[in-house]
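Observations on the three-dimensional arrangement
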Amino acid sequence: SLAPYFYAFSPPYKGLGATVMGMSWARASIFYGSDRGKEILESMGMSNTMATVLPPLFVSTAVQCVNMPLVRATIMLQNPQ
């Protein structure tokens, strides 16, 4: 039966705004932080490889640590049973 799937995608969309905002700020932070971090590391004389690899690694880790409680909260709003 497809009823559970229709129920899962039907309104109310609890947590939708928080999820979309969380994804948006995370992507923006990763892109901006990676570009800016590369510029900073290259100006400090770091190799191109390290300046390319390190910023997204650190920024995405920080974003994940900040975003995880938000993701968990939106899941709890959906009341999965």
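Before any of the text, the structure's been laid out above.
A few points on the structure. Here the residue numbers are simple positions, counted from 1 along each chain's written sequence. In view of the model being predicted, local features appear only for residues whose pLDDT reaches at least 70, and side-chain atom pairs are presented and counted only at 80 or more, with totals across whole chains, interfaces and linings using the full set of residues. To obtain the side-chain values, all non-hydrogen atoms of the structure were included, while hydrogens and water were left out.

A short note on the side chain of Asn 67
Applied cut-off: Here a helix means four or more residues in a row that DSSP labels H or I, a strand means two or more in a row labelled E, and each is numbered from the N terminus. Any pair of nitrogen or oxygen atoms within 3.5 Å is treated as a polar contact; in protein, a donor-acceptor pairing is required on top of that, and neighbouring residues in sequence qualify only through side-chain atoms on both sides. Every residue pair with non-hydrogen atoms within 4.5 Å of one another is taken to be in contact.
By the element assignment, Asn 67 lies in helix 3 (residues 48-78). A polar atom in the side chain of Asn 67 sits 3.2 Å from the backbone oxygen of Gly 22. With residues up to four places along the chain from it excluded, the contact list for Asn 67 reads Gly 22, Met 23, Trp 25 and Ala 26.

Some words on the side chain of Ser 34
The following threshold applies: When accessible area is computed with a 1.4 Å probe and restricted to protein chains, residues below 20% of their type maximum are described as buried, those above 50% as exposed, and intermediate ones as partly exposed.
With respect to the helices, strands and loops of the structure, Ser 34 is situated in helix 2 (residues 16-43). Given the relative accessible area of 15%, Ser 34 is considered buried. For Ser 34, the contacting residues outside a window of four places in its chain are Ser 29, Pro 55, Pro 56 and Val 59.

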